[in-house]
Amino acid sequence: MKNNIQDKSKLVNSVFSEVYKKYDIMNDIMSFGVHRIWKQNMMDWMSPQANSFLIDVASGTGDIALTYSKKLSHKCKISCVEPNKEMLAMGQKKLEIYDNIKWHKANAERLPFKDDTFDFYTISFGIRNVNNINLTLKEAFRVLKTGGRFMCLEFSKVENPLIDMLYKNYSKIIPIIGEKIVGSKRPYNYLVKSIDDFYNQSELVSLIKKNGFQTVKFRNLSNGIAAIHSGWKI
Ligand SMILES: C[S@@+](CC[C@H](N)C(=O)[O-])C[C@H]1O[C@@H](n2cnc3c(N)ncnc32)[C@H](O)[C@@H]1O
């Protein structure tokens, strides 16, 4: 088990070290720009208040931090958490003009913050990549204040069989696009497999509840290609 965890951590880190320069452009190409709408949907459902404190975990190049900050006209504080040094450097550079946004090199399973610190916790296309999902959720619960909200955006399971078939066929060409743009199929073979292996909507609801959250709900996006999960620390 320990070896598997170390192997996953190394694999995930090497995948993001391979794609970081083209991460943003590949997201736009692979999703036809739809990932931006999904991220905005999460922000709209979250409906954050001015002067709130967000922790964005698995921040990558900082899309969620930027969307949140803009929504609140930058009247907020944000801690971005990202373990991959190249992704973190890209994010830091992209958001360097925003001094309300701070970056921390750390893992979701061990957050370098005190209990009851944040009003909101977000993790966007990150939870699928962590080593230990239960530890990740426990840490999310610990660092949120009572009354704080957990929001997760992640690939999920398509509900309509016809759309599922089309999506599965489309997934087969993603590594080919990756090879053309990034120069390697490997990160995109990982992406497709990790989506396939991940929990469905209701399994993720159960895990979030099991780790302490209440009023856990989800909303499908694009027929379940992705889903947003929400839970509260009450
Ligand atoms: C697909 S990117 C998502 C980036 C961004 N949140 C977005 O929505 O575009 C996933 C990120 O998770 C990070 N990651 C991988 N393992 C992690 C872990 N154990 N804890 C926190 N982040 C992790 C990766 O380094 C990568 O930057």
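This text goes with the structure placed above it.
My aim in this report is to walk through the structure given alongside it, one point at a time.

Parameters and conventions
Residues numbered from 1 in each chain as written. Predicted model: local features only at pLDDT ≥ 70, side-chain atom pairs only at ≥ 80, totals over all residues. Heavy atoms only, no water. Helix = DSSP H or I, 4+ residues; strand = E, 2+ residues; numbered from the N terminus. Rg over C-alpha atoms; globule rule 2.2 N^0.38 Å. Buried < 20%, exposed > 50% of the residue type's maximum accessible area, 1.4 Å probe, protein only. Lys, Arg positive; Asp, Glu negative; His and termini not counted. Charge placed at Lys NZ, Arg CZ, Asp CG, Glu CD. Near = heavy atom within 4 Å. Polar contact = N/O pair within 3.5 Å; in protein donor to acceptor, adjacent residues only side chain to side chain. Nonpolar A, V, L, I, M, F, W, Y, C, P; charged D, E, K, R; others polar. Arc of directions from axis to C-beta.

### Let's talk about the overall build of the chain
Counting its secondary structure elements, the chain contains nine helices and seven strands. Relative to the globule expectation of 17 Å for 234 residues, the C-alpha radius of gyration of the chain, 17 Å, shows essentially globular dimensions. For the chain, the spread of C-alpha atoms along the three principal axes comes to 45 × 40 × 35 Å. Taking all 234 residues of the chain together, the buried fraction comes to 50%. Taken together, the 35 basic and 23 acidic charged side chains of the chain have centroids lying 1 Å from each other.

### A closer look at the site of the ligand
In the vicinity of the ligand there are 19 residues, among which Tyr23, Ala58, Glu82, Ala108 and Ser124 approach most closely. Here an oxygen atom of the ligand and a side-chain polar atom of Lys39 are 3.0 Å apart. Measuring from a nitrogen atom of the ligand, one finds a side-chain N or O atom of Glu109 at 3.0 Å. Those elements that place two or more of their residues in the shell around the ligand are helix 1 (2-19) and helix 2 (23-31). Counted by class, the shell around the ligand contains nine nonpolar, seven polar and three charged residues.

### A short note on helix 2
Those residues of helix 2 not exposed but buried are Tyr23, Met26, Asn27, Met30 and Ser31. Across the axial projection of helix 2, the buried residues extend over an arc of 105°, all falling on one side. Positioned one or two residues after helix 2, Phe32 has a phi angle of 55°, which is positive.

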